[in-house]
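Structure at a glance
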Amino acid sequence: MYRKILNILLAIGLVIFQLGFISGLPGYLDSLNLVIIVLLFILVLGDLKTALIWSLVAGLFIDLFSFTLFGLTLLSLNITLFISYFLLVGFFTDRSLYSFLTLTFVATFSYEFILTLFNFMIKLFAGTSGPVDSGYYSSFIQELFINLIAAAALFQIVNYISHKFKPVFLNKEKRI
Amino acid sequence: MLLIFLHFSKIILPLESFILKSLSPLLNGMYQTSSKIKSSYDQQTDKRDLSAIVEQQNVELNQLISENSRLKSLEDENKTLRSYLKFLSTKEKNYAMANVISSGGIDINSQTVLLDKGTKDGLYSGLAVLSSEGNIVGKIINAKENISEICLVNASRCQLAAAIQNKDKTVGIAQGDLGLTIKMEFIPQSAEIKVGDIIISSGLEKSIPRGLVIGQISQVKKESNELWQSARIESLTNLEDLVVVSVLLP
């Protein structure tokens, strides 16, 4: 029970950090989607149940501060989480840096794609749909790029502390 | 699903309001910290020659001082004439101060800013948002009970009814350009515009009065074989440094 409450509080803290702090950072740093990266870490290091709690709480709180239809972020985050889970269980079982980066790429791409698709469909039904802003694609690439860098950095930190991930490079030293 | 149902049935509305109200100061604190980081980063990366800027600004300051004294005498004259004509005094403007709590949220395509005031404080879509210098920095596009969303003047989907302070008082629409600058298109070829002209709100929008400064023309694009000319406008306020803004109430 206490563990669940702690997870909920930490997820709320993550949303506050994402919306308040990261969104105001200079340069490309404001494109960082820390929520996705943290969710993937929890999925890889922990279990699906804990990741689901984080995703529900984060999605709910982001939706509270969002002006798109309530539930869109919640839905997009959870679909992304399930896609990542099935990829993790079925394909990226070795937990290396490369598989983690591929997972980050797929998760970021899926999240933005699902969110944009839902937004487009809502606008289509409302009769207000228009072309995507010209800055959208550059922002999208920026987010992918910065997420991959942040995921790689966090991977190295976690690997250094916990050794839960497998080492990426083969050790060339001969062991007798 | 249950949460979404509870939201739309407005059963958890008081709880949502409580959460938004209690988290807004935390978000504002976080935003202020990152805004300070952004400011110091901008100062570090700004490699312009400061002495040249100071020199140029001194010249501008002298010009402004002389213009200011001329305007003051005109203001006094205006007051006297108004009293002679028994004009009603200009209505005092009402403002609502608001803190910026997030820049764009998590949506990569939003180019918006979130404020910690909403419909409860009298804000609604279409109201003008001003910087501390009194320049218009954007307008409200969405408002919830406790928070509201503003599009900044340089955001692609932000459009403002504008007027150029030139001889002809040319009117048009100022629209954000990729979150970087503001552009004003479809200006007649006959209109005389030049770099440095001030762009103000034209007063043609319901909730935005005439005379609020939007920016200054930095580039004019005029081709003799085209019907229209266009201008690029620079905002006089640093739009990335907004922490506290005021919303002009009707």
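Notes on the structure follow.

1. Describing the overall build of chain B
Within chain B one finds three helices and twelve strands. For the C-alpha atoms alone, the extent of chain B along its principal axes is close to 60 × 55 × 40 Å. The proportion of buried residues among the 250 residues of chain B is 33%.

2. Considerations on the environment of Pro209 of chain B
Residue and element names in this part refer to chain B. Looking at the element boundaries, Pro209 is found in the loop between β9 (198–201) and β10 (213–221). Its 14 C-beta neighbours within 10 Å are what place Pro209 among the partly exposed residues. Linking Pro209 and Lys10, residues 199 residues apart in sequence, is a C-alpha distance of 35 Å. In this structure, Pro209 is in contact with Ser201 and Gly203, ignoring residues within four places of it in sequence.

3. Quick word on the sheet that holds strand β1 (residues 94–103) of chain B
Residues and elements named next belong to chain B. Pairing in this closed barrel of six strands is antiparallel, and the strands run β1-β2-β5-β4-β3-β12 around the ring. Pairwise comparison of adjacent strand axes, ignoring direction, gives a mean angle of 45° for this sheet. Pairing of strand β2 (residues 112–115) with strand β5 (residues 148–152), which is carried by four bridges, proceeds in the antiparallel orientation. Following the sheet pairing, Val113 is matched in β5 by Ile150.

4. With respect to the nonpolar core
Ranked by internal contacts, the top residues of the largest apolar core, which has 83 residues, are Leu39 of chain A together with Leu115, Leu152, Ile199 and Ile214 of chain B. Broken down by element, this core gets its largest block of residues, nine residues, from helix α2 (residues 34–45) of chain A. Counting the residues that make up this core, at least three belong to each of domain 1 (2–39 + 96–151 + 240–249) and domain 3 (159–234) of chain B. Discounting residues that sit within four places of it in the chain, Leu39 of chain A has contacts with Ala51, Trp54, Ser55 and Leu81 of chain A.

What counts, and at which threshold
- Residues numbered from 1 in each chain as written.
- Chains lettered and ligands numbered in written order.
- Predicted model: local features only at pLDDT ≥ 70, side-chain atom pairs only at ≥ 80, totals over all residues.
- Helix = DSSP H or I, 4+ residues; strand = E, 2+ residues; numbered from the N terminus.
- Buried ≥ 20, exposed ≤ 12 C-beta atoms within 10 Å, placed from the backbone.
- Contact = placed C-beta atoms within 7 Å.
- Pairing = 2+ DSSP bridges.
- Axes fitted to C-alpha atoms, helices over the stretch in contact; angles between N-to-C directions.
- Core = buried A, V, L, I, M, F, W, Y, C linked by C-beta atoms within 7 Å.
- Domains from an automatic or database assignment.

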